[in-house]
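# Working through the structure, step by step
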Amino acid sequence: MNVLLLIKQVVDTEARVKINDAKKNIATEGVKYALSPYDEFALEEGVRIKEKLGGEVTAMSLGPARAKEALRTCLAVGADKAVHLTDPAFAGADAYTTAQALAAAARKFSYDVILCGKMAVGVDRGVTGAAVAQLLGIPFVANVTKLEFSADNKKATVTRDVEGGQEVYEVELPAVFSCEKGLNTLRHTPLKGIMMAKSKPIQELKAADLGLPEAKSEARVRVESMEYPPARQGGRIVPGDPETAVKELVRLLHEEAKVI
Amino acid sequence: MAAIYTVVEVKNGQAGRPFLEALSEARRQADKMGGTVTAIALGQGAGSVDLGRYGADEVLAVDQPELAAWNLEACGSAVAELVEKGQPVALFLASTVHGRELAGWLAARLKAGVAADVTHLETDASGAVTVTRPMYSGKVRTKATFSSVRPQIVLLRPNIFPLLGESLGKTAKVTATTVSVPATASRVKLVNTQTPPAGEVELTGAKIVVSGGRGLQSPENYKLVQDMAKVLGAATGATRMIVDLGWVDHALQVGQTGKVVNPDLYIALGIAGAIQHLVGMQTSKCIVAVNKDPEAPIFKIADYGIVGDVFQVAPLLTQELGKVVHRPVSV
């Protein structure tokens, strides 16, 4: 069972973000990056599938030079190959152009299942996986928390959360699944893996290799400006012993905040 | 005349609130540009839901067996076919799990732009949309515009856009519509659904959320959260900490790698307020925090806080709330 992982390097989730001077993006100086948390579930699942059923795991990412670090993480954990889509021509890519690039690259590989994270933390969009699947003409199920294969490896049974409940689907392969928390937990990266990943080659693909035009001219959505949301005014403590404070709080919620 | 289309998922002859919110917003924006609103209703009983009440001029009701249960390819093809026929300037979708995968699929199928998790939007006279959406887990927000490609696909965050108030007194023109469904849609079959136990309120759409964290000290004490939620008709939530400890299911996790909620009232019991949790609830209209540590970061963003022992305060609060709340507000 060959697995293709679509991963993204994102701003470390602990980081405080600062808006850059152009007020269109975040300042990148001194910022730490990491594999997107939801992609960790995809990576772990891909390696588990390989361990159980054999086959190859290829990790693929579209991003600037630094994205190679995230690809090396995948190699260290157990991916066999890494592919880096990197080109100034990809700058300004939106969901549509990103999906186009990933799908064009995916067509160069053999895959039975494509795994990605539910969304890239920070970008917080969660639509690229479905777009890639449509472009490749294969099924897609979002937010998978359980993934099992039929004995002949031709079908998958997946479970996913929906608002207030779960759905279970039977899906013919090949297919794309985005991974949600609950699917698994990423193993500790073995030291041996880290050492080995340092020397493994990462294949680079440019826009021209994929027959794609400049993303900036093709992107359908463009960020015009970025700002901080208004800070919440908080900090009001309701004083007194528990009974007094509770009574006053409930009064405030009813009469002042009018939320109950 | 510019048209805005929206998709409404119909289950058992009913449409969920996130879809009605998107429809209401479509109406407001269409009015600004002198345009029309068409609702594509998908599912069993698609033609029977009163969508004129929430602003639809026209309803294209698709009630075919292939779309009785959610099927991304079938629903996507249906919407694409109708959008290509009608050529709307924009397509508004509710940002539910189904809505998001539909939006991504359609963006590829229609070669269109998609803006997700939109919390505010504006249109000009020609129907060009400008969206405001949070990024970096709400630490910043961005304004984005679309190119000239149509439709502009917009995913609207639930619980932000108000439902149209009283009925507009308008009746939508309902047309039973048949679409062609590709044979390949049968590659995916919905084989089972699990609905939550009766009385459980869904988290992302809830008007009130009661949430618990590490300050509860042990899993049995999550009952304090549940008792308060029951009295309020509220949904229950949790921090990543107690989810990772196995006290509650990850579906209850609120935060950066959990759910983002924006209820009218968020009550945080025994939650310190790590930034990753705050990003999941900081847009709540009113935040209440109970924690024994006066320095807990949550107090900085809480509208009201009680510094005290959660084991003492929570039961008293539940009791007191019970006196004021006449009937549970359920979603």
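Right above here is the structure, for reference.
Remember, predicted model here, so these are calculated numbers, not experimental data.

### Brief notes about the sheet that holds strand β12 (residues 221–227) of chain A
- If you trace the 4 strands from one edge of the open sheet to the other, you get β12(A)-β9(B)-β8(B)-β7(B), paired in antiparallel fashion. Edge positions in the open sheet fall to β12 of chain A together with β7 (120–123) of chain B, since each of these has one partner strand only. Neighbour to neighbour, the strand axes of the sheet diverge by 25° on average, direction disregarded.
- Bridging between β7(B) and strand β8 (residues 129–135) of chain B involves 4 bridges; their strand directions are antiparallel. Across the sheet, residue Glu122(B) finds its bridge partner in β8(B), namely Thr130(B).

### A few points about the packing of helix α4 (residues 128–136) of chain A against helix α3 (residues 97–109) of chain B
- Contact geometry of α4(A) with α3(B) gives a least axis separation of 7 Å together with a crossing angle of 45°. If you check the angle between α4(A) and α3(B), you find them oblique. Note on packing geometry: the crossing formed by α4(A) with α3(B) is right-handed. Mapping the contact onto sequence places Ala130(A), Ala131(A), Gln134(A) and Leu135(A) in α4(A) and Glu101(B), Gly104(B), Trp105(B), Ala108(B) and Arg109(B) in α3(B).

### Overview of the pattern of salt bridges
- This model, assessed by the stated rule, comprises 29 salt bridges over all chains.
- The closest approach of N and O atoms between Arg27(B) and Asp31(B), which form a salt bridge, is 2.9 Å. Remark: Asp31(B) and Arg27(B) occur in helix α1 (residues 17–32); sequence separation between them is 4 residues, near one turn of the helix.
- Residue classification places Arg27(B) among the buried positions, given a relative accessible area of 6%.
- Put simply, Glu44(A), Arg48(A), Glu51(A) and Arg187(A) are held in one network by salt bridges that share partners.

### Focus on the packing of aromatic side chains
- This structure, assessed with the given rule, holds 1 aromatic pair over all chains.
- For Arg66(A), the ring lying beneath its charged end belongs to Tyr33(A), and the centroid distance is 3.7 Å.

### A word on unusual backbone geometry
- Looking along the chain, the bond that leaves Leu173(A) and enters Pro174(A) is cis, with omega of 0°.
- Looking at where Pro174(A) falls in the secondary structure, it is placed in the loop between β9 (165–172) and β10 (175–179).
- Residue Arg150(B) is joined to Pro151(B) through a cis peptide bond whose omega torsion reads 0°.
- Examined against the element boundaries, Pro151(B) turns out to sit in the loop between β9 (140–146) and β10 (152–156).

### What to know about the sheet that holds strand β13 (residues 208–212) of chain B
- As summarised here, the arrangement of the 5 strands in space is β14-β13-β15-β16-β17 (chain B), forming an open sheet in which the pairing is parallel. Every interior strand has two partners, whereas the edge strands, β14 (235–238) and β17 (304–307) of chain B, have only one. The mean angle between the axes of side-by-side strands here comes to 15°, regardless of whether they run parallel or antiparallel.
- Helix α7 (residues 242–255) of chain A rests against β15 (265–269), β16 (286–291) and β17 of chain B of the sheet, and its axis sits at about 170° to β17(B).
- The strands touched by helix α8 (residues 310–324) of chain B are β15, β16 and β17 of chain B; relative to β15(B), the strand with the most contacts, the crossing angle is about 150°.

### Observations concerning the nonpolar core
- Residues Leu85(A), Leu115(A), Phe177(A) and Leu106(B) are the most contacted members of the largest nonpolar core, which totals 107 residues.
- Beyond its immediate sequence surroundings of up to four residues, Leu85(A) is in contact with Met60(A), Ser61(A), Leu62(A), Gly63(A), Phe90(A), Ala101(A), Leu102(A), Ala105(A), Leu205(A) and Leu210(A).
- Listed in part, the 41 residues of the second largest apolar core include Leu253(A), Val259(A), Val288(B) and Val313(B).

### Some remarks on the interface of chain A and chain B
- Opposite the 81 residues of chain A that make contact, chain B presents 86 residues.
- Both faces considered, chain A and chain B share a buried interface measuring about 7,200 Å² in area, 60% of it formed by carbon and sulfur atoms.
- If you sort the residues of chain A by the area they bury against chain B, Lys181(A), Arg220(A) and Arg232(A) come out on top, with a joint share of 11%.
- The tally of links from chain A across to chain B stands at 4 salt bridges.
- Where Lys181(A) meets Asp244(B), a salt bridge forms, and the shortest distance between an N and an O atom there is 3.0 Å.

Basis of the calculations
Residues numbered from 1 in each chain as written. Chains lettered and ligands numbered in written order. Predicted model: local features only at pLDDT ≥ 70, side-chain atom pairs only at ≥ 80, totals over all residues. Heavy atoms only, no water. Pairing = 2+ DSSP bridges. Helix = DSSP H or I, 4+ residues; strand = E, 2+ residues; numbered from the N terminus. Axes fitted to C-alpha atoms, helices over the stretch in contact; angles between N-to-C directions. Parallel < 35°, antiparallel > 145°, perpendicular 65-115°, else oblique. Left-handed = near helix turned anticlockwise from the far one by under 90°. Contact = heavy atoms within 4.5 Å. Salt bridge = Lys/Arg side-chain N within 4 Å of Asp/Glu carboxyl O. Buried < 20%, exposed > 50% of the residue type's maximum accessible area, 1.4 Å probe, protein only. Phe/Tyr/Trp six-rings, centres within 6.5 Å; stacked < 30°, edge-to-face > 60°. Lys NZ or Arg CZ within 6 Å of the ring centre and 35° of its normal. Core = buried A, V, L, I, M, F, W, Y, C linked by side-chain atoms within 4.5 Å. Buried area = accessible area lost by both parts, 1.4 Å probe.

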